[in-house]
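Descriptive structure summary
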Amino acid sequence: MPDGAPGVDAVVPAAPADIATARALAARLSLPYSEVDAPAPGALLLVVEGAGRSLRLTGAGAPGPVAVEFGGGAMRHRRRGGANELLGRAVGVTARRQPRVLDATAGLGRDAFVLADLGAQVALAERQPVVAELLRAGLASAAAARDEWLGAVVGRMTLFEGDARELPLPPCDVIYLDPMFPGRDKSAAVRKEMALFQRLLARQEDDGAELLEWALCQPVSRVVVKRPLRAAELGGRSASHCIRGKAVRYDVHVLKKLPEVPP
Ligand SMILES: C[S@@+](CC[C@H](N)C(=O)[O-])C[C@H]1O[C@@H](n2cnc3c(N)ncnc32)[C@H](O)[C@@H]1O
(Lines give C-alpha, C1' and ligand atoms only; values in the text may rest on other atoms or scores of the structure.)
Protein backbone atom coordinates (compact mmCIF):
# COMPACT_ATOMS: atom_id res chain seq x y z
CA MET A 1 0.00 0.00 0.00
CA PRO A 2 1.41 3.42 -0.87
CA ASP A 3 2.70 5.55 2.02
CA GLY A 4 0.77 8.62 0.89
CA ALA A 5 -2.61 7.37 2.01
CA PRO A 6 -2.19 4.27 4.16
CA GLY A 7 -5.28 2.32 5.10
CA VAL A 8 -7.31 2.69 1.90
CA ASP A 9 -7.31 -0.21 -0.58
CA ALA A 10 -8.79 1.51 -3.63
CA VAL A 11 -10.61 4.52 -5.02
CA VAL A 12 -13.87 3.48 -6.68
CA PRO A 13 -16.50 5.33 -8.71
CA ALA A 14 -20.12 5.05 -7.52
CA ALA A 15 -21.43 5.33 -11.12
CA PRO A 16 -20.01 5.42 -14.66
CA ALA A 17 -20.21 9.24 -14.57
CA ASP A 18 -17.68 9.22 -11.69
CA ILE A 19 -15.01 7.14 -13.44
CA ALA A 20 -12.82 9.99 -14.69
CA THR A 21 -12.86 11.80 -11.33
CA ALA A 22 -12.14 8.59 -9.42
CA ARG A 23 -9.23 7.76 -11.71
CA ALA A 24 -7.75 11.24 -11.29
CA LEU A 25 -8.19 11.10 -7.52
CA ALA A 26 -6.54 7.66 -7.32
CA ALA A 27 -3.58 9.01 -9.29
CA ARG A 28 -3.32 12.10 -7.06
CA LEU A 29 -3.41 10.03 -3.86
CA SER A 30 -1.16 7.29 -5.32
CA LEU A 31 -3.85 4.71 -4.57
CA PRO A 32 -5.10 1.80 -6.68
CA TYR A 33 -8.19 2.50 -8.79
CA SER A 34 -10.89 -0.17 -9.00
CA GLU A 35 -14.21 -0.73 -10.72
CA VAL A 36 -14.75 -4.21 -9.34
CA ASP A 37 -18.43 -4.64 -8.46
CA ALA A 38 -17.91 -6.97 -5.52
CA PRO A 39 -14.52 -6.29 -3.96
CA ALA A 40 -13.14 -8.70 -1.36
CA PRO A 41 -14.75 -8.37 2.09
CA GLY A 42 -12.84 -6.17 4.49
CA ALA A 43 -11.57 -3.77 1.81
CA LEU A 44 -11.59 -0.09 2.70
CA LEU A 45 -12.73 1.97 -0.27
CA LEU A 46 -12.77 5.69 -0.99
CA VAL A 47 -15.96 6.14 -3.01
CA VAL A 48 -16.40 9.00 -5.48
CA GLU A 49 -20.03 9.98 -6.04
CA GLY A 50 -20.35 13.26 -7.90
CA ALA A 51 -18.69 15.87 -5.69
CA GLY A 52 -19.15 13.59 -2.67
CA ARG A 53 -16.47 11.40 -1.08
CA SER A 54 -17.04 8.62 1.43
CA LEU A 55 -15.17 5.78 3.02
CA ARG A 56 -16.78 2.38 2.87
CA LEU A 57 -15.78 -0.97 4.30
CA THR A 58 -16.92 -3.97 2.26
CA GLY A 59 -18.44 -7.21 3.54
CA ALA A 60 -21.44 -8.39 5.55
CA GLY A 61 -21.95 -6.46 8.80
CA ALA A 62 -19.59 -3.68 7.76
CA PRO A 63 -20.44 -0.27 9.24
CA GLY A 64 -22.16 2.35 7.11
CA PRO A 65 -20.08 4.78 5.07
CA VAL A 66 -18.21 7.69 6.66
CA ALA A 67 -18.41 11.09 5.03
CA VAL A 68 -18.10 14.67 6.22
CA GLU A 69 -21.64 16.05 6.36
CA PHE A 70 -21.68 19.36 8.15
CA GLY A 71 -25.32 20.01 7.37
CA GLY A 72 -26.44 16.59 8.62
CA GLY A 73 -28.57 15.79 11.65
CA ALA A 74 -25.62 14.84 13.88
CA MET A 75 -23.98 18.27 13.58
CA ARG A 76 -27.29 20.10 14.03
CA HIS A 77 -28.01 17.98 17.09
CA ARG A 78 -24.55 18.58 18.56
CA ARG A 79 -25.15 22.29 18.11
CA ARG A 80 -27.86 22.20 20.74
CA GLY A 81 -25.78 20.18 23.22
CA GLY A 82 -23.86 21.76 26.09
CA ALA A 83 -20.58 20.15 24.91
CA ASN A 84 -20.12 22.91 22.34
CA GLU A 85 -20.14 25.48 25.09
CA LEU A 86 -17.26 23.73 26.86
CA LEU A 87 -15.15 23.74 23.71
CA GLY A 88 -15.96 27.42 23.14
CA ARG A 89 -15.01 28.25 26.71
CA ALA A 90 -11.74 26.33 26.44
CA VAL A 91 -10.79 28.22 23.30
CA GLY A 92 -11.94 31.53 24.78
CA VAL A 93 -14.92 32.41 22.61
CA THR A 94 -17.19 34.95 24.31
CA ALA A 95 -19.91 37.30 23.14
CA ARG A 96 -17.26 40.02 22.76
CA ARG A 97 -14.25 37.97 21.70
CA GLN A 98 -13.74 35.67 18.73
CA PRO A 99 -10.24 34.22 18.75
CA ARG A 100 -8.84 32.92 15.49
CA VAL A 101 -8.14 29.22 15.84
CA LEU A 102 -5.77 26.79 14.15
CA ASP A 103 -7.23 23.31 14.52
CA ALA A 104 -3.96 21.45 13.96
CA THR A 105 -5.61 18.00 14.02
CA ALA A 106 -8.70 18.61 11.91
CA GLY A 107 -9.84 14.98 11.40
CA LEU A 108 -13.45 14.95 10.22
CA GLY A 109 -13.75 18.62 11.13
CA ARG A 110 -16.45 18.29 13.78
CA ASP A 111 -14.70 20.33 16.47
CA ALA A 112 -13.61 22.93 13.90
CA PHE A 113 -17.20 23.20 12.71
CA VAL A 114 -18.43 23.73 16.27
CA LEU A 115 -15.90 26.52 16.75
CA ALA A 116 -16.79 28.14 13.43
CA ASP A 117 -20.47 27.88 14.38
CA LEU A 118 -19.65 29.76 17.58
CA GLY A 119 -18.25 32.50 15.32
CA ALA A 120 -14.50 31.77 15.31
CA GLN A 121 -12.38 31.87 12.16
CA VAL A 122 -10.85 28.40 11.96
CA ALA A 123 -7.88 27.18 9.93
CA LEU A 124 -7.90 23.39 9.69
CA ALA A 125 -4.70 21.38 9.18
CA GLU A 126 -5.03 17.72 8.24
CA ARG A 127 -2.07 15.57 7.25
CA GLN A 128 -3.81 12.33 6.26
CA PRO A 129 -4.55 12.81 2.53
CA VAL A 130 -7.74 10.72 2.48
CA VAL A 131 -9.13 12.48 5.55
CA ALA A 132 -8.22 15.83 3.94
CA GLU A 133 -10.11 14.74 0.80
CA LEU A 134 -13.22 13.86 2.84
CA LEU A 135 -13.00 17.24 4.55
CA ARG A 136 -12.53 19.14 1.29
CA ALA A 137 -15.61 17.45 -0.18
CA GLY A 138 -17.63 18.12 3.00
CA LEU A 139 -16.72 21.80 3.02
CA ALA A 140 -17.53 22.17 -0.69
CA SER A 141 -20.88 20.41 -0.35
CA ALA A 142 -21.84 22.57 2.65
CA ALA A 143 -20.85 25.74 0.77
CA ALA A 144 -23.00 24.66 -2.20
CA ALA A 145 -26.05 23.73 -0.10
CA ARG A 146 -27.80 27.11 -0.34
CA ASP A 147 -28.29 27.12 3.41
CA GLU A 148 -27.52 30.55 4.81
CA TRP A 149 -26.43 29.34 8.26
CA LEU A 150 -24.31 26.47 6.87
CA GLY A 151 -22.69 28.69 4.23
CA ALA A 152 -21.76 31.29 6.85
CA VAL A 153 -20.23 28.66 9.15
CA VAL A 154 -18.11 26.92 6.51
CA GLY A 155 -17.18 30.38 5.18
CA ARG A 156 -15.20 30.77 8.42
CA MET A 157 -13.32 27.49 7.83
CA THR A 158 -10.16 27.17 5.71
CA LEU A 159 -8.54 23.81 5.04
CA PHE A 160 -4.79 23.28 4.73
CA GLU A 161 -3.53 19.85 3.79
CA GLY A 162 -0.32 18.78 5.45
CA ASP A 163 1.38 18.45 8.80
CA ALA A 164 0.47 21.52 10.86
CA ARG A 165 4.10 21.89 11.92
CA GLU A 166 5.30 22.14 8.34
CA LEU A 167 2.68 24.57 7.02
CA PRO A 168 3.13 28.33 7.27
CA LEU A 169 1.37 29.27 10.51
CA PRO A 170 -1.92 30.99 9.60
CA PRO A 171 -2.83 34.08 11.66
CA CYS A 172 -4.24 32.61 14.88
CA ASP A 173 -4.66 33.27 18.58
CA VAL A 174 -5.30 29.70 19.69
CA ILE A 175 -3.98 26.32 18.59
CA TYR A 176 -6.43 23.48 19.20
CA LEU A 177 -5.22 19.87 19.36
CA ASP A 178 -7.21 16.66 19.41
CA PRO A 179 -4.61 13.99 18.74
CA MET A 180 -6.81 11.30 20.27
CA PHE A 181 -7.08 8.09 18.38
CA PRO A 182 -10.60 6.81 18.94
CA GLY A 183 -9.48 3.20 19.35
CA ARG A 184 -7.23 4.11 22.22
CA ASP A 185 -10.08 5.48 24.25
CA LYS A 186 -10.79 2.20 25.97
CA SER A 187 -13.42 3.68 28.27
CA ALA A 188 -15.83 4.51 25.47
CA ALA A 189 -17.44 2.00 23.13
CA VAL A 190 -15.88 2.90 19.80
CA ARG A 191 -18.72 3.66 17.44
CA LYS A 192 -18.81 1.36 14.47
CA GLU A 193 -17.98 4.01 11.94
CA MET A 194 -15.16 5.29 14.08
CA ALA A 195 -13.56 1.86 13.78
CA LEU A 196 -13.31 2.59 10.10
CA PHE A 197 -11.66 5.96 10.70
CA GLN A 198 -9.36 4.31 13.19
CA ARG A 199 -8.23 1.83 10.55
CA LEU A 200 -7.36 4.72 8.26
CA LEU A 201 -5.19 6.33 10.93
CA ALA A 202 -3.77 3.13 12.37
CA ARG A 203 -0.33 3.58 10.90
CA GLN A 204 0.14 7.18 11.95
CA GLU A 205 2.85 8.00 14.38
CA ASP A 206 1.55 8.70 17.88
CA ASP A 207 3.25 12.08 18.09
CA GLY A 208 0.67 14.15 19.97
CA ALA A 209 3.20 15.08 22.65
CA GLU A 210 5.61 16.46 20.03
CA LEU A 211 2.75 18.37 18.45
CA LEU A 212 1.98 19.98 21.82
CA GLU A 213 5.64 20.95 22.28
CA TRP A 214 5.56 22.58 18.84
CA ALA A 215 2.29 24.38 19.60
CA LEU A 216 3.60 25.76 22.88
CA CYS A 217 6.49 27.41 20.98
CA GLN A 218 4.21 29.27 18.53
CA PRO A 219 3.32 32.96 18.96
CA VAL A 220 -0.25 32.29 20.16
CA SER A 221 -2.21 33.14 23.31
CA ARG A 222 -3.26 29.65 24.25
CA VAL A 223 -3.06 26.01 23.29
CA VAL A 224 -6.03 23.77 24.02
CA VAL A 225 -5.75 19.98 24.10
CA LYS A 226 -8.74 17.63 24.04
CA ARG A 227 -8.19 14.55 26.19
CA PRO A 228 -10.24 11.57 27.33
CA LEU A 229 -11.63 12.53 30.76
CA ARG A 230 -9.26 10.41 32.81
CA ALA A 231 -6.19 10.36 30.55
CA ALA A 232 -2.85 11.70 31.72
CA GLU A 233 -1.89 15.18 30.56
CA LEU A 234 -0.42 15.03 27.05
CA GLY A 235 3.36 14.78 27.19
CA GLY A 236 3.21 15.18 30.97
CA ARG A 237 2.70 18.94 30.46
CA SER A 238 0.63 20.56 33.21
CA ALA A 239 -2.17 22.72 31.88
CA SER A 240 -3.06 26.16 33.29
CA HIS A 241 -6.59 24.89 33.83
CA CYS A 242 -8.98 22.15 32.68
CA ILE A 243 -12.56 22.25 31.49
CA ARG A 244 -14.27 18.94 32.13
CA GLY A 245 -17.17 17.44 30.21
CA LYS A 246 -18.83 14.03 30.61
CA ALA A 247 -16.40 12.07 28.45
CA VAL A 248 -13.63 14.48 27.53
CA ARG A 249 -11.79 17.37 29.06
CA TYR A 250 -9.97 20.33 27.57
CA ASP A 251 -6.52 21.11 28.96
CA VAL A 252 -5.92 24.83 28.48
CA HIS A 253 -2.33 26.09 28.31
CA VAL A 254 -2.45 29.85 28.70
CA LEU A 255 0.59 31.58 27.21
CA LYS A 256 -0.64 35.19 27.21
CA LYS A 257 -3.85 37.19 27.35
CA LEU A 258 -6.20 36.62 24.42
CA PRO A 259 -6.59 39.69 22.24
CA GLU A 260 -10.03 41.29 22.15
CA VAL A 261 -11.11 40.32 18.63
CA PRO A 262 -14.69 41.53 18.26
CA PRO A 263 -17.14 39.13 16.63
C1 LIG B 1 -8.73 12.34 16.51
S2 LIG B 1 -8.66 13.07 14.94
C3 LIG B 1 -9.36 14.68 15.21
C4 LIG B 1 -10.84 14.70 15.21
C5 LIG B 1 -11.39 16.10 15.11
N6 LIG B 1 -11.13 16.87 16.31
C7 LIG B 1 -12.87 16.11 14.80
O8 LIG B 1 -13.60 16.79 15.52
O9 LIG B 1 -13.29 15.47 13.81
C10 LIG B 1 -6.97 13.47 14.74
C11 LIG B 1 -6.64 13.93 13.33
O12 LIG B 1 -5.47 14.74 13.38
C13 LIG B 1 -4.67 14.46 12.27
N14 LIG B 1 -3.30 14.86 12.67
C15 LIG B 1 -2.55 14.33 13.66
N16 LIG B 1 -1.37 14.99 13.77
C17 LIG B 1 -1.39 15.97 12.83
C18 LIG B 1 -0.46 16.99 12.43
N19 LIG B 1 0.73 17.09 13.02
N20 LIG B 1 -0.80 17.84 11.44
C21 LIG B 1 -2.01 17.71 10.81
N22 LIG B 1 -2.93 16.74 11.12
C23 LIG B 1 -2.62 15.90 12.12
C24 LIG B 1 -4.86 12.97 12.04
O25 LIG B 1 -4.54 12.63 10.70
C26 LIG B 1 -6.34 12.80 12.36
O27 LIG B 1 -7.12 12.96 11.20
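Above: the structure in question.
Note that this is a predicted model, so its numbers are computed, not measured.

The rules we used
Residues numbered from 1 in each chain as written. Predicted model: local features only at pLDDT ≥ 70, side-chain atom pairs only at ≥ 80, totals over all residues. Heavy atoms only, no water. Buried < 20%, exposed > 50% of the residue type's maximum accessible area, 1.4 Å probe, protein only. Helix = DSSP H or I, 4+ residues; strand = E, 2+ residues; numbered from the N terminus. Arc of directions from axis to C-beta. Contact = heavy atoms within 4.5 Å. Axes fitted to C-alpha atoms, helices over the stretch in contact; angles between N-to-C directions. Parallel < 35°, antiparallel > 145°, perpendicular 65-115°, else oblique. Left-handed = near helix turned anticlockwise from the far one by under 90°. Nonpolar A, V, L, I, M, F, W, Y, C, P; charged D, E, K, R; others polar.

What to know about helix H1 (residues 19-29)
- Those residues of H1 not exposed but buried are Ala22, Leu25, Ala26 and Leu29. Across the axial projection of H1, the buried residues extend over an arc of 100°, all falling on one side. Along H1, exposed side chains directed more than 90 degrees from the buried face belong to Ala20 and Ala27.
- Structurally, H1 contributes buried residues whose contacts are with strand S1 (10-13), strand S2 (44-49), strand S3 (52-57) and helix H5 (129-143).
- Positive backbone phi, approximately 55°, marks serine 30, located one or two places after H1.

Re the packing of H1 against H5
- Put simply, H1 and H5 touch, their axes get as near as 11 Å, and they point 140° apart. For the element pair H1 / H5, the angle class is oblique. Seen along the crossing, H1 lies across H5 with a hand that is right-handed. Of the residues in H5, those touching H1 at Leu25, Arg28 and Leu29 are Pro129, Val130, Glu133 and Arg136.
- Residue composition of the contact of H1 with H5, grouped by class: four nonpolar, no polar and three charged.

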